Amino acid sequence: MNTCIIPARGGSKRIPRKNIKLFHGKPMIAYSIETAIQSKLFDHVIVSTDDLEIAEVSRHYGAEVPFMRPSELSDDQTATIPVIAHGIQWMIREGIATDCVACIYATAPFILKNDLISAEKSFREGGWEYVFSATSFGFPIFRGFKKDTDGKIEMFFPEHFATRSQDLPEAFHDAGQFYFGKPSAWLESKRIFDKWSSIIELPRWRVQDIDTGDDWDRAEVLYKMISTMN
């Protein structure tokens, strides 16, 4: 049985009320809920929140909110894995069996049901601990450098200063949309970015973190552009 848990706390600081702020006419979280439901993968689509308004909006769009998340798991220091583990622990207490738990972020308006379907298939067939969304870096990370407070720069990998870009390995990063995992992996806080995991690769133009006002504005422009392509 598959379960989806969508973490959505109420205390977003950089973008107030981010999870239910209107994005192209709908609360942001609605995109994640609706896509999860449309995929027909999940027996339960659960929103984990500490906020009554988010709970009401989530139920309106078809999600279950069978518990309220405790305050100790709702501050801006709380990582994702403990939140998903809390949801699994609730399911265990309620006698709800599941062998696959997908975390979908509440701020993922570019999520597609076909990506979820592909991830679930890979998770099942590959026997992975996790399968998650990722995309490639647009520039080789081995040619990257940092700048100190005096303006001086230093390469992270100076040995690759003269290496041709095409000779460097492709690097990926988390796309911040979804993670399929074994309940035991979530409960044991097993690291996601490791050899027991695999990815569903997304195109770079369909990946956008939404953490700041600038991110939000860029996402709105991207969404409008992508909508005209369909």
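It should be noted that the structure appears before, not after, this text.
Residues numbered from 1 in each chain as written. Predicted model: local features only at pLDDT ≥ 70, side-chain atom pairs only at ≥ 80, totals over all residues. Heavy atoms only, no water.

A. View of the layout of surface pockets. Taken as a whole, the largest pocket encloses approximately 790 Å³ of empty space. Among the elements that make up the lining of the largest pocket, the one with the highest residue count is strand β9 (residues 172-181) (three residues). When the residues that make up the lining of the largest pocket are grouped by side-chain class, the tally is 13 nonpolar, nine polar and nine charged. (1 Å grid on protein atoms, 1.4 Å probe; cavity = no way out; pocket = protein on both sides within 12 Å on 5 of 7 lines; lining within 4 Å. Points joined across faces, edges and corners; volume = space filled by probe spheres on them. Helix = DSSP H or I, 4+ residues; strand = E, 2+ residues; numbered from the N terminus. Nonpolar A, V, L, I, M, F, W, Y, C, P; charged D, E, K, R; others polar.)

B. Looking closely at helix α6 (residues 213-229). Here α6 contains 17 residues, and its C-alpha end-to-end distance of 25 Å stays within 8% of the 24 Å for a straight helix at 1.5 Å per residue. Of the residues making up α6, those classed as buried are Asp215, Trp216, Ala219, Leu222 and Ile226. Along α6, the residues classed as buried sweep out an arc of 125° about the axis, all on the same side. When the buried face of α6 is taken as reference, the exposed residues oriented beyond 90 degrees from it are Asp214, Lys224 and Thr228. The secondary structure elements touched by the buried residues of α6 are β2 (22-23) and α1 (28-38). (Expected span 1.5 Å × (residues − 1). Buried < 20%, exposed > 50% of the residue type's maximum accessible area, 1.4 Å probe, protein only. Arc of directions from axis to C-beta. Contact = heavy atoms within 4.5 Å.)

C. Up close: the side chain of Ser136. Secondary-structure assignment places Ser136 in strand β6 (residues 130-136). Its relative accessible area of 5% is what places Ser136 among the buried residues. Among the polar contacts made by the side chain of Ser136, one reaches the side chain of Arg204 at a distance of 2.8 Å. If near-sequence neighbours (up to four positions away) are discounted, Ser136 is found in contact with Glu170, Ala171, Phe172, His173, Glu201 and Arg204. (Polar contact = N/O pair within 3.5 Å; in protein donor to acceptor, adjacent residues only side chain to side chain.)

D. View of the nonpolar core. Counting residues in each nonpolar core, the largest one holds 32 residues, and the members touching the most others are Ile6, Ile29, Phe42, Val47, Ile104 and Phe180. When contributions to this core are tallied by element, the ones reaching two or more residues are β1 (2-7), α1, β4 (44-48), α2 (52-60), β5 (100-104), α4 (113-126) and β9. In this view, Ile29 contacts Ile6, Ala8, Asn19, Ile20, Val47, Ile54, Val57, Ser58 and Ala106; residues no more than four positions away in its chain are not counted. Membership of the second largest hydrophobic core comes to 13 residues, among which are Ile81, Ile84, Tyr179 and Ile192. (Core = buried A, V, L, I, M, F, W, Y, C linked by side-chain atoms within 4.5 Å.)

E. View of the sheet that holds β4. Taken in spatial order, the six strands line up as β4-β1-β5-β9-β6-β10 in an open sheet, and their pairing is mixed. Either end of the sheet is taken by a strand with one partner, and the two such strands are β4 and β10 (197-201). Sheet twist, expressed as the mean angle between neighbouring strand axes with direction ignored, is 30°. The pairing of β1 with β4 spans five bridges and is classified as parallel. Bridge pairing in β4 links Thr3 to His44. Its contacts with the sheet place α4 against β1, β5, β6, β9 and β10, and it is angled at close to 70° to β9. (Pairing = 2+ DSSP bridges. Axes fitted to C-alpha atoms, helices over the stretch in contact; angles between N-to-C directions.)

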